[in-house]
Amino acid sequence: MAGGLDLDHRLTPTGRPRPKGGRAVPFQALFWRLPWLRSVILLLPPMAWFVLIYLASLVLLMVTAFWTIDPFTSQIVQAWNLDNFRVILTNDTYHLIIGRTVGLAALVTITDAILAFPFAYYMAKVASRRTQTILFAAVLLPLWASYLARVYAWILILNHNGLLNWSLQSIGLPPANIGYTNTAMWVVFSYIWLPFMIIPTYAALERVPDSLLEAAADLGARRWRAIKDVVLPLAMPGVVAGSIFTFSLTLGDYITPILVGGAGSSFIGNVVYSNLGIVNNVPFAAALGTVPIVIMAIYLLGARRLGAFEAL
Amino acid sequence: MSSAVFGPAAWLRRGCLAAAALLAVTACGSTAAPTGSTRAQPPTAGMTPQSTIGAGEGQLNLVLWDGYADKSWVDPFTAATGCKVSQKPAGSSDEMVALMKDGGAGQYDMVSASGDADLRLIYSGDVKPMNTSLIPDWSNFQTYFQAPGFNTINGIHYGISLQWGPNTLLYNTKKFANKPTSWSVLYDPANKGLITVPDNAIQIADAALYLSKTTPSLKITDPYELTQTQFDAAVKLLKDQRPLIKKYWTLPTDEISLFQNGDVQVGAAWPYQTIQLKLAGAPVDETIPPTEGATGWADTWMLATKAPHPNCAYLWTKWVSTPNVQAKQALSFGETPVNTKACGEMEALSPGSCAQYHADAPGSYFDTIKFWKTPIATCDDGSNNCIPYLQWQAAWTSITA
């Protein structure tokens, strides 16, 4: 390798680099001659980390899913089979749990999209510079507080003697007992992940040139028509990008179901957790863990078609 | 109670323990015999325990539940014995067993193992027999805890019992003017939407315990050893219970707020919740044990086979068995001491706590508590007809789904 030899020439006989002050700095010359080397050196540590730590652990997880556990000794038996997947595909319990997880993730995503769009539009197109900054802070501020603190705050609002029922009763309405139900999970998830929808939507809307809106107005489009036919299509990739966050974050959560869910609120994550942490059934947990991976893979393929990755 | 040491973290781990206690691959045995249980001889049975406690080695390495070696009783111990205590808290019974591999590998001296992990540790030869005559307070222990089946085998003691706790029936006194005396209130459709039980597959044993009294035709003798028919009956009972449940609780603090906020009126609990709720002025009381009996858990200090500091280990066990330390730990952790003399100390630290925690319970009390052990495929009669814990967990998922 020419570059390598070149480097060697610059070394003193003891193998140490020469003191500075020579012709060119050795490495810079090397990078200049071999432009790809810079990329390799820059990318090597993160790539090595990614492949060794991240991908390797995922592969191990996948492999384990095809093993099983001996009911007598609770030891993992490395016999290849599809039993875990068969159970997941045929057992109603897991259909119910997967259905609930995906359904709620979708519902939260739609809710957040509906809530976030007008907010982001106002931030990007209507608000003054100053208001914009304030709104930005308002969106990001909750992210500074602990996730748990925010979920517990919702418990205080939604429980039987909580703020919600107190308010309803003080204006003469019957109490809404939504504490510890799937409705409560929907409300809390929608609240918690809303900033992750607002920010990409805002970024996409900000990129829509005002001149397009003016042009639409010049051509006789009213405000709503302009939003529907001009703004919305251009902002869609941002909304889809945001939906990746809200959907995947809800899909993978298992803390909110424990805290605000009622009886019958288990998510995929809860079942994975109880199989891993309690019975040590790693193979089954791994098999169930592949379900969200598959769902997200499908989701991301769809999102790519809608141009979400350009908006990120 | 001196609740300063108390934190959700401690309870998180107890929640874990509740679940993890069922993990082990253990043999089953009778529980109340004075010589412990009768079963195959463990590998270290032949090792003769030391007959005297020599000078401390200056160091003691413990694998333990977080909070089991609190400063308030470790510092005086170190001052008195010169044994410096280093702690390795474990998150689950599994982790404890893993840490104690190869007899503690010459690194760890003792482990504060729970009922289930005990038999795994004993049968893998990781812990060795202990000499109870070196622990003066041992004779003051509740008779049951001098030689419980989960740490004493064929009359050989593989550890010294520490603390335990029962599962109780907690209820709102406004809703229940008459004290409920049976677990049946948890299965009664009249209480729909007002019930909470732990989110833990161990509940199947609670259901089985209830069925053992209410449906004698099932012939359930041990709620941890269920045949398919018995198991199915217990699971069906819990599936019928499911629509009545407001929430399956994970942390004791969750249950406390459920009761405080009026979301539930009755549930399965630990003495800790009752005490905390009463302190907060909530109108609650507990039934312990209900007519059908109750389940419970218990921890033991065990000595590593390759313990590098055995004298400090014995000095430590001696120390934590004394009434004062037993009382302090009980109050800081919300559990019950095994030393009957700890009662007075508990009263001194927190009046009324002895009775609250049932530290003064008579021997007959322990006959009504079925202490946790791991459900395994091999039943007591040697047949392989029992349902192992793996299936318990799967069934629990389908119940709570």
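Conventions and cut-offs
- Sequence order sets the numbering: in each chain, residues are counted from 1 along the sequence as written.
- Chains carry letters and ligands carry numbers; both start at the beginning, A for chains and 1 for ligands, and go up in the order they are written.
- Per-residue local features are limited, in this predicted model, to residues with pLDDT of at least 70; the limit for side-chain atom pairs, both in listing and counting, is 80 or more; totals at the level of whole chains, interfaces and linings are taken over all residues.
- Helix and strand assignments come from DSSP, with helices taken as H or I runs of at least 4 residues and strands as E runs of at least 2, each series counted from the N terminus.
- In this scheme the burial state of a residue depends on its C-beta neighbours within 10 Å: 20 or more other such atoms mean buried, 12 or fewer mean exposed, and anything in between means partly exposed; the C-beta positions come from the backbone.
- In this description, a residue-residue contact is defined by the distance between C-beta atoms placed from the backbone, which must lie within 7 Å.
- Axis definition: a line fitted to C-alpha atoms, over the contacting stretch in the case of helices. Angles run 0 to 180 degrees between N-to-C directions.
- If an angle is under 35 degrees, it is roughly parallel; if it is over 145, roughly antiparallel; if it lies from 65 to 115, roughly perpendicular; otherwise it is oblique.
- Handedness of a crossing follows from how the near helix is turned relative to the far one, being left-handed for an anticlockwise turn of less than a right angle and right-handed for a clockwise one.
- Gly counts as polar in this scheme, as do all residues outside two lists: the nonpolar Ala, Val, Leu, Ile, Met, Phe, Trp, Tyr, Cys and Pro, and the charged Asp, Glu, Lys and Arg.
- Strand pairing is assigned whenever DSSP detects at least two bridges linking the two strands.
- Seen with its strands pointing away from the viewer, a crossover is right-handed if its path from the first strand over the helix to the second goes clockwise.
- Residues of type Ala, Val, Leu, Ile, Met, Phe, Trp, Tyr and Cys that are buried and joined through C-beta atoms within 7 Å form what is called a nonpolar core.
- Domain start and stop points were drawn from an automatic or database domain assignment.
- The predictor rates its confidence in each residue with pLDDT, a number between 0 and 100.

**Here we look at the overall build of chain B**
On a plain count of helices and strands, chain B comes out with 14 helices and 15 strands. For chain B, with 401 residues in total, the buried portion stands at 58%. Nonlocal contacts in chain B, meaning residues at least 24 apart in sequence, comprise 76% of its contacts between residues at least 6 apart.

**Quick word on the packing of helix α8 (residues 252-260) of chain B against helix α9 (residues 271-279) of chain B**
Residues and elements named next belong to chain B. Packing of α8 against α9 leaves a shortest axis separation of 10 Å and a crossing angle of 45°. Classed by the angle they form, the pair α8 and α9 counts as oblique. Here the hand of the crossing between α8 and α9 comes out right-handed. Residues Pro252, Glu255, Ile256, Phe259 and Gln260 of α8 lie in contact with α9, whose contacting residues are Tyr272, Gln273, Gln276 and Leu277. Of the residues in the contact of α8 with α9, the class split is five nonpolar, three polar and one charged.

**A word on unusual backbone geometry**
Residue and element names in this part refer to chain B. Cis geometry is adopted by the peptide bond preceding proline 289, which originates at isoleucine 288 and carries an omega value of -15°. Assignment of secondary structure puts proline 289 in the loop between β12 (284-287) and β13 (294-304). The phi dihedral of aspartate 102 is positive, around 55°, even though this residue is not glycine. Looking at where aspartate 102 falls in the secondary structure, it is placed in the loop between α3 (93-99) and β3 (110-114).

**Focus on the pairing of strand β11 (residues 266-269) of chain B**
Residues and elements named next belong to chain B. Residues Val266 and Ala268 line one face of β11 and the alternating positions Gly267 and Ala269 line the opposite face, and both faces are buried. In this structure, strand β8 (residues 168-172) lies alongside β11, joined through four bridges in antiparallel fashion. Counterpart to tyrosine 171 in the pairing with β11 is valine 266. When strand β9 (residues 195-198) meets β11, the two strands line up parallel, connected through two bridges.

**Notes on the pairing of strand β2 (residues 84-89) of chain B**
Residue and element names in this part refer to chain B. Two elements, strand β1 (residues 59-64) and β2, share six bridges in a ladder whose sense is parallel. For leucine 64, the partnering residue across the bridge sits in β2 and is proline 89. In this fold, β1 hands off to helix α2 (residues 71-81), which returns the chain to β2; that crossover is right-handed.

**Considerations on the nonpolar core**
Formed by 112 residues in total, the largest nonpolar core has its most connected members in B:Val111, B:Ile204 and B:Ala234. Looking at which domains feed residues into this core, each of domain 1 (3-165 + 297-371) and domain 2 (166-294 + 376-400) of chain B supplies at least three. By size, the runner-up hydrophobic cluster in this structure holds 43 residues, among which are A:Ala124, A:Trp154, A:Ala241 and A:Tyr299.

**Re the packing of helix α5 (residues 92-126) of chain A against helix α11 (residues 223-252) of chain A**
All names here are of chain A. Two numbers describe how α5 lies on α11: the axes approach to 8 Å, and their chain directions differ by 140°. Judged on the interaxial angle alone, α11 and α5 are oblique. Both α5 and α11 take part in a crossing whose hand is right-handed. Facing Thr101, Val102, Leu104, Ala105, Ala106, Val108, Thr109, Asp112, Ala113, Ala116 and Phe117 of α5, the residues of α11 in contact are Val239, Gly242, Ser243, Thr246, Phe247, Thr250 and Leu251. Classifying every residue of the contact of α5 with α11 gives eleven nonpolar, six polar and one charged.

**Some remarks on the domain arrangement of chain B**
You can read the domains of chain B as domain 1 (3-165 + 297-371) and domain 2 (166-294 + 376-400). In this structure, domain 1 of chain B and domain 2 of chain B have C-alpha centres spaced 27 Å apart.

**Here we look at the environment of B:Val264**
All names here are of chain B. You can see valine 264 is positioned in the loop between α8 and β11. Its 27 C-beta neighbours within 10 Å are what place valine 264 among the buried residues. Considered as a pair, valine 264 and lysine 246 are 18 residues apart in the sequence and their alpha carbons are 6.8 Å apart. Not counting chain neighbours up to four residues away, the residues in contact with valine 264 comprise Leu194, Ile195, Thr196, Lys246, Leu258 and Phe259.

**Some details on the confidence of the model for chain A**
Predicted confidence across chain A gives a mean pLDDT of 86, with 89% of residues reaching 70 or more. In this model residues 1-15 of chain A is a low-confidence stretch, pLDDT under 50, and it forms 13 contacts with partners more than four residues away in sequence or in other chains.

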